[in-house]
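Structural overview for review
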Amino acid sequence: MTATYTFDVFSSLDGYGAAGGDWAGYWGKQGPELLDHRLALYREEQRMVFGAHTYRTFARMLAASTEESEVRDPWVTRMRGLPATVVSTTLEGPLDWPDADLVSGDAVDIVARLKEESEVPLRSHGSLSMNRALMAAGLVDRVQVTLFPVITGRTGLDPVFGGAADFDLELLEHRTLDGHIQELVYRPTPHA
C-alpha cells in the first residue's frame, strides 16, 4: 500500500506563503474554527516531511517563542510531536525536533521510498520548492491550501506555486473557517 502524501500550505489570495511588513502570523486572520480544525488535522497519526529551509524556519521560530505566543498554537505543538523526516543536503544532526530523521539526498527519491514504506499518511506543511518538485514527479496526492482573505502584492514573500509545472486540480473538499478563511483540498494531475 502506498501512503498518501499531502502538501499542506497557507496562502494569501495572490499566492504568497508569507508577507513582510506589519503582517502578523496567519496574516492576523485566524480564529477559533481555524485553530481547532488545524489541531484536528494534526491529531491523526502521520509523518511530517520537511525540506531544510522550512525545518530551519520552524526550529528558529519555536526556539524564539514562549509557551504563550501564537507560534505555539496547539496544532503546531502537536505537529512538532509527530515523527518527521527532514530532507536536506546541507543540514547536520542532531536536529532540534523530538522525533526527526535527517535524510540526505534527492527529495523525489526519498519521498517515493517513504510513500512505499510508511504505514501512516505523509504530510508536509510549507517546504515550497521541495513540494513543487514532488508535484512535478507525481508524488503529491493532495494539495491542501488554506486561503487567507488578504492580498499582499507589495509585501508578499514566498510565492507558493512560483516556477511550478502546470496542473489540473480536482476539488476533493472545501470549507469556510471563521466566516472568511477558505480551505481547499485538491487532487493534482499534470496538465497535458
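Shown above is the structure to which this text applies.
Our subject in this report is the structure included herewith. (Residues numbered from 1 in each chain as written. Predicted model: local features only at pLDDT ≥ 70, side-chain atom pairs only at ≥ 80, totals over all residues. Heavy atoms only, no water.)

Notes on the nonpolar core
Ranked by internal contacts, the top residues of the largest apolar core, which has 27 residues, are Phe50, Tyr55, Trp75, Met79 and Phe148. Listed by contribution, the elements that provide at least two residues to this core are helix H1 (32–43), strand S3 (47–51), helix H2 (52–64), helix H3 (74–81) and strand S4 (84–87). If one sorts the elements of this core by residue count, H2 sits on top with 5 residues. The residues touching Phe50, leaving out its near neighbours within four places in the chain, are Tyr55, Phe58, Met79, Ala84, Thr85, Val86, Val87, Trp97, His125, Ser127 and Met130. Val87, Leu122, Leu128 and Val140 belong to the second-largest nonpolar core, a separate cluster that totals 22 residues. (Core = buried A, V, L, I, M, F, W, Y, C linked by side-chain atoms within 4.5 Å. Buried < 20%, exposed > 50% of the residue type's maximum accessible area, 1.4 Å probe, protein only. Helix = DSSP H or I, 4+ residues; strand = E, 2+ residues; numbered from the N terminus. Contact = heavy atoms within 4.5 Å.)

Notes on the sheet that holds strand S9 (residues 167–177)
What the 8 strands build is an open sheet, ordered S5-S4-S3-S6-S1-S7-S10-S9; its pairing is mixed. Looking at which strands have only one partner, the edges of the open sheet turn out to be strand S5 (100–103) and S9. Along the sheet, successive strands turn relative to each other by an average axial angle of 25 degrees, direction set aside. Pairing of strand S1 (residues 5–12) with strand S6 (residues 122–125), which is carried by 4 bridges, proceeds in the parallel orientation. What sits directly across from Phe7, in S6, is Ser124. (Pairing = 2+ DSSP bridges. Axes fitted to C-alpha atoms, helices over the stretch in contact; angles between N-to-C directions.)

Overview of the packing of aromatic side chains
Under the criterion given, the structure shown has 11 aromatic pairs. Ring centres 5.3 Å apart and planes at 70 degrees place the aromatic pair Phe10 and Phe148 in the edge-to-face group. Of the two residues, Phe10 sits in strand S1 while Phe148 sits in strand S7 (residues 142–148), which places them 138 residues apart along the sequence. Side by side, Phe10 and Phe148 carry an identical accessibility label, which is buried. With a centroid separation of 5.5 Å and 70 degrees between ring planes, the pair formed by Phe50 and Phe58 is classed as edge-to-face. The pair Phe50 / Phe58 is uniform in exposure class, with both members buried. Here a set of aromatic residues connected by ring pairs shows up, and it is made of Phe10, Tyr26, Trp27, Tyr42, Trp75 and Phe148. It is Arg80 that lies over the ring of Trp97; its NZ or CZ is 5.6 Å from the centre. A cation over an aromatic ring shows up here: Arg123 above the ring of Tyr42, its NZ or CZ 5.4 Å from the ring centre. (Phe/Tyr/Trp six-rings, centres within 6.5 Å; stacked < 30°, edge-to-face > 60°. Lys NZ or Arg CZ within 6 Å of the ring centre and 35° of its normal.)

Notes on helix H4 (residues 107–117)
Restricting attention to buried positions, one finds in H4 the residues Ala107, Ile110, Val111, Leu114 and Lys115. For H4, the angular spread of buried residues about the axis comes to 135 degrees, placing them on one side. Opposite the buried face of H4, by more than 90 degrees, sit the exposed residues Asp109, Glu116 and Glu117. Between the side-chain oxygen at the start of H4 and the backbone nitrogen of Val108 there is a gap of 3.1 Å, and the oxygen is on Asp106. (Arc of directions from axis to C-beta. Polar contact = N/O pair within 3.5 Å; in protein donor to acceptor, adjacent residues only side chain to side chain.)

Notes on the pattern of salt bridges
Tallied over the entire structure, the rule returns 11 salt bridges. Each member of the salt-bridge network shares a partner with another, and the members are Arg142, Glu173, Arg175 and Glu183. (Salt bridge = Lys/Arg side-chain N within 4 Å of Asp/Glu carboxyl O.)

Some thoughts on unusual backbone geometry
For the peptide bond that leads from Gly93 to Pro94, omega is 0 degrees, which places it in the cis range. Checked against the element boundaries, Pro94 lands in the loop between S4 and S5. The phi dihedral of Tyr26 falls on the positive side, at around 60 degrees, and the residue is not glycine. Position of Tyr26 among the secondary structure elements: in the loop between strand S2 (16–19) and H1. Phi is positive for Trp27, which is not a glycine, with a value near 55 degrees. By the secondary structure assignment, Trp27 is in the loop between S2 and H1.

All quantities given are derived from atomic positions and should not be read as evidence of function.
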